[in-house]
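These are the residues of each chain, in order.
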Amino acid sequence: MKNLMIATALVALSAGAGLAQTVRMGTEGAYPPYNYIDDNGQVAGFERELGDELCKRAELTCEWVTNDWDSIIPNLVSGNYDTIIAGMSITDERDEVIDFTQNYTQPDPSAYLAKAGTEVDLTGGVIAAQTGTIQASYIAQSGATLLEFATPEETIGAVRNGEADAVLADRAYLEPIAAEDADLDFTGDSVLIGGGVGMGLRESDAELKEKFNAAIQSMKDDGSLNALITKWEIGETF
Amino acid sequence: MFPYCSAPDTLSGLSWLSCYLTTGKHTSLYLSFLTVLVLLAVTAPVALVFGFGGASAARSRFAPLAWLGKAYIGIVRGVPDIAFFLFFVIALDQAFEYARHKIKCPDWDQPIRQGNDFVVCAAAKLPLGDAPQWVHETYGFFLAVLTFSIIFGAFAANVLYGAMQAVPQAQIETAEAYGMSHRQSFWRILVPQMWVYALPGLSNLWMVLIKATPLLFLLGVEDIVYWARELGGTKTPKFTDYPHGDWRMWYFGALLVFYLAFTKVSEVVLDRIMRRLTRGQATMGGEAQRKAAA
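Residues numbered from 1 in each chain as written. Chains lettered and ligands numbered in written order. Predicted model: local features only at pLDDT ≥ 70, side-chain atom pairs only at ≥ 80, totals over all residues.

Draft legend 1. Expanded view of the interface of chain A and chain B. Every contact between the two is made by 40 residues of chain A and, on the other side, 44 residues of chain B. Contributions of two or more residues to the side of chain A that touches chain B are made by helix 1 (2-14), strand 1 (22-27), strand 3 (35-37), strand 5 (61-66), helix 3 (72-77), helix 6 (152-160) and helix 7 (171-180) of chain A. Among the elements that make up the side of chain A that touches chain B, the one with the highest residue count is helix 1 of chain A (five residues). (Contact = placed C-beta atoms within 7 Å. Helix = DSSP H or I, 4+ residues; strand = E, 2+ residues; numbered from the N terminus.)

Draft legend 2. Geometry of the environment of Val159(A). Residue and element names in this part refer to chain A. With respect to the helices and strands, the residue Val159 is situated in helix 6. Its 25 C-beta neighbours within 10 Å are what place Val159 among the buried residues. Each C-alpha atom, one on Val159 and one on Lys211, is 41 Å from the other, the two residues being 52 residues apart in sequence. Apart from residues no more than four positions distant in its own chain, Val159 is found in contact with Leu113, Ala114, Lys115, Ala128, Ala164, Ala166, Val167 and Leu184. (Buried ≥ 20, exposed ≤ 12 C-beta atoms within 10 Å, placed from the backbone.)

Draft legend 3. View of the sheet that holds strand 2 (residues 30-31) of chain A. Residues and elements named next belong to chain A. Judged by pairing direction, the sheet is antiparallel, and its three strands sit side by side in the order 2-3-4 without closing on themselves. Two strands in the sheet have a free side with no partner beyond their single neighbour: strand 2 and strand 4 (43-44). Where strand 2 lies against strand 3, two bridges are found, and the strand directions are antiparallel. Bridge assignment links Tyr31 to a residue of strand 3, and that residue is Asn35. (Pairing = 2+ DSSP bridges.)

Draft legend 4. Representation of the nonpolar core. Formed by 68 residues in total, the largest nonpolar core has its most connected members in Leu113(A), Ile127(A), Ala129(A), Val159(A), Ala166(A), Val167(A) and Leu168(A). Sort the elements by how many residues they give to this core and helix 8 (residues 206-221) of chain A lands first, with five residues. When residues of this core are assigned to domains, at least three map to each of domain 1 (21-105 + 196-231) and domain 2 (108-193) of chain A. Of all hydrophobic cores here, the second largest spans 52 residues; its members include Leu146(B), Phe148(B), Tyr226(B) and Trp227(B). (Core = buried A, V, L, I, M, F, W, Y, C linked by C-beta atoms within 7 Å. Domains from an automatic or database assignment.)

Draft legend 5. Representation of the domain arrangement of chain A in the model. Residues and elements named next belong to chain A. Segmenting chain A into domains produces domain 1 (21-105 + 196-231) and domain 2 (108-193). The gap between the C-alpha centroids of domain 1 and domain 2 is 25 Å. Among the residues forming the side of domain 1 that touches domain 2, the class breakdown is six nonpolar, four polar and one charged. (Nonpolar A, V, L, I, M, F, W, Y, C, P; charged D, E, K, R; others polar.)

Draft legend 6. Layout of the packing of helix 2 (residues 46-57) of chain A against helix 8 of chain A. Residues and elements named next belong to chain A. In contact at an axis separation of 9 Å, helix 2 and helix 8 are set at 110 degrees when each is read in the N-to-C sense. By the angle between their axes, helix 2 is roughly perpendicular relative to helix 8. Every residue of helix 8 that contacts helix 2 at Glu53, Leu54 and Arg57 is listed here: Phe212, Ala215, Ile216, Ser218 and Met219. Classifying every residue of the contact of helix 2 with helix 8 by side-chain character gives five nonpolar, one polar and two charged. (Axes fitted to C-alpha atoms, helices over the stretch in contact; angles between N-to-C directions. Parallel < 35°, antiparallel > 145°, perpendicular 65-115°, else oblique.)

Draft legend 7. Seen up close, the confidence of the model for chain A. Residues at a pLDDT of 70 or more form 92% of chain A, whose mean pLDDT is 85. A low-confidence stretch, residues 5-20 of chain A stays under pLDDT 50, and its non-local contacts, those more than four residues away or across chains, total 16 contacts. (pLDDT = per-residue confidence, 0-100.)

Draft legend 8. Seen up close, the environment of Phe238(A). All names here are of chain A. Looking at where Phe238 falls in the secondary structure, it is placed in the segment after helix 9 (224-231). In this structure Phe238 comes out as partly exposed when scored by C-beta crowding, with 14 C-beta atoms within 10 Å. Taking the C-alpha atoms as reference, Phe238 lies 7.7 Å from Thr105; in sequence the two are 133 residues apart. Apart from residues no more than four positions distant in its own chain, Phe238 is found in contact with Gln106, Lys220, Leu225 and Asn226.

Draft legend 9. Geometry of unusual backbone geometry. Residues and elements named next belong to chain A. Omega for the peptide link from Pro32 to Pro33 comes to 0 degrees, which places this bond in the cis form. Mapped onto the elements of the fold, Pro33 is located in the loop between strand 2 and strand 3. Phi is positive for Glu59, close to 55 degrees, though the residue is something other than glycine. Tracing the chain through its elements places Glu59 in the loop between helix 2 and strand 5. Within the chain, Glu233 stands out as a residue other than glycine whose phi angle is a positive 55 degrees. Inspection of the secondary structure assignment puts Glu233 in the segment after helix 9.

Draft legend 10. Expanded view of the pairing of strand 10 (residues 145-149) of chain A. Residues and elements named next belong to chain A. The pairing of strand 9 (residues 126-130) with strand 10 spans five bridges and is classified as parallel. Looking across to strand 10, one finds that Val126 is bridged to Thr145. Assessed by its sense of winding, the connection that carries the chain from strand 9 through helix 5 (residues 134-142) to strand 10 is right-handed. (Right-handed = clockwise from strand over helix to strand, strands pointing away.)

Draft legend 11. How the structure looks around the sheet that holds strand 10 of chain A. All names here are of chain A. If you walk across this open sheet you meet the five strands as 10-9-11-8-12, and the pairing is mixed. Across the chains shown, the open sheet's two edge strands, defined by having one partner strand only, are strand 10 and strand 12 (184-193). Along the sheet, successive strands turn relative to each other by an average axial angle of 30 degrees, direction set aside. Against the sheet, helix 5 touches strand 8 (108-115), strand 9, strand 10, strand 11 (166-170) and strand 12, its axis set at about 155 degrees to strand 9. Packed on one face of the sheet, helix 6 meets strand 8, strand 9, strand 10, strand 11 and strand 12 and runs near 150 degrees to strand 11.

Right under this line is the structure:
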């Protein structure tokens, strides 16, 4: 109890400073090229550059926070950070709980990655995906057996060790892996799922949403968003 | 770190490794060991206090207090840890913010619950939205300590409750025959003697606690397992200066060594405490010690 009181007092004291608005950007940090942790331990990637530019245009001070994918939405709605910028596709299911800005990527081309030279039954085999992603619900509906993992890395591991026949994920995430590893190759056609990636915000944060919407629109208009998409090889440009 | 690290792709062997192991990311890994150790050092005594409170309450002669103690032990032990970390912590955080909101913003007219959202005025945020990152991390850490303490406190309460029951009744009777009050016999006779019965159970809890820290990342606190998984994952040249394959085995191997070493140290310390507690007790261990000394 004593600890509790001291800690509460400490937090209360340190909270005295001014009230200028800082926007806390929540991300996963495990999904290159969208977001990852670089060699210096900082958040980097397409969304880092995009987010910093959006904050500059919307004249906001932004701070980056990493959070587990599983608890990323509950922590947003309870106010631990203010946005989710984590390669999260806009879906109706998520839209019921949180709000999205307009999309800053085209609908994801998702692709199947499997061991090179194998024939995979995409609608009847075992397909891996990250828990709570659009790919996971797509597989569940396709009739294939869905094998879910907490992190993207583990889904690739499952294909390598034969646990899964293939993995379904954003093509932009799989591309560098396929390029690096001769044992892995794309199979089947890419599928378009979801309504593109957008920033997630609390439904009550309409003002912040408008600021980011305007900033994204201005980046779409002057072509700087397309330049970023090309630089990070995210996929189709606008 | 080292001057020759500016072009890592030209390096090989040990010099590559020395650069690789001193990147900013690895420093985060090393610091997270400290996080875990501090967490354990703070949580263990706090949990023990919760446990002692719970156990004393559960055997109280005042019925409502006994119900409270038993309800705490029963309910918290029954709820899965992960559910506790996903929901209880967020609820706890919201309770703090709600209390601050009531005090700091009395003339706020919007509802606090708006659909799924929990909205309090900016001044009631904990920590404040513009607080530096370390304050947020400290706060997350504080919530983690509190949550771990509540969970492990409930288990400890059950262990201590059993230990209190295990102290021979004759001891208490003798104390009362000497004219000690209920309170006196509790503090002077029961509590000093119960630890020897509690220690095996408590040491189990300690071992489980050591390995429970990955739950921290659910609160955004990065522990050693998070960093091991992050650093060990396949790294393609596009996103790092130090590309490598799936090295998680090596990182988890290092964690294994850490955990085993830590367990070993714990065992040695616990053995020593056990020897100290056994001295003069009416248990088999105490009897053996007495014979060895004679």
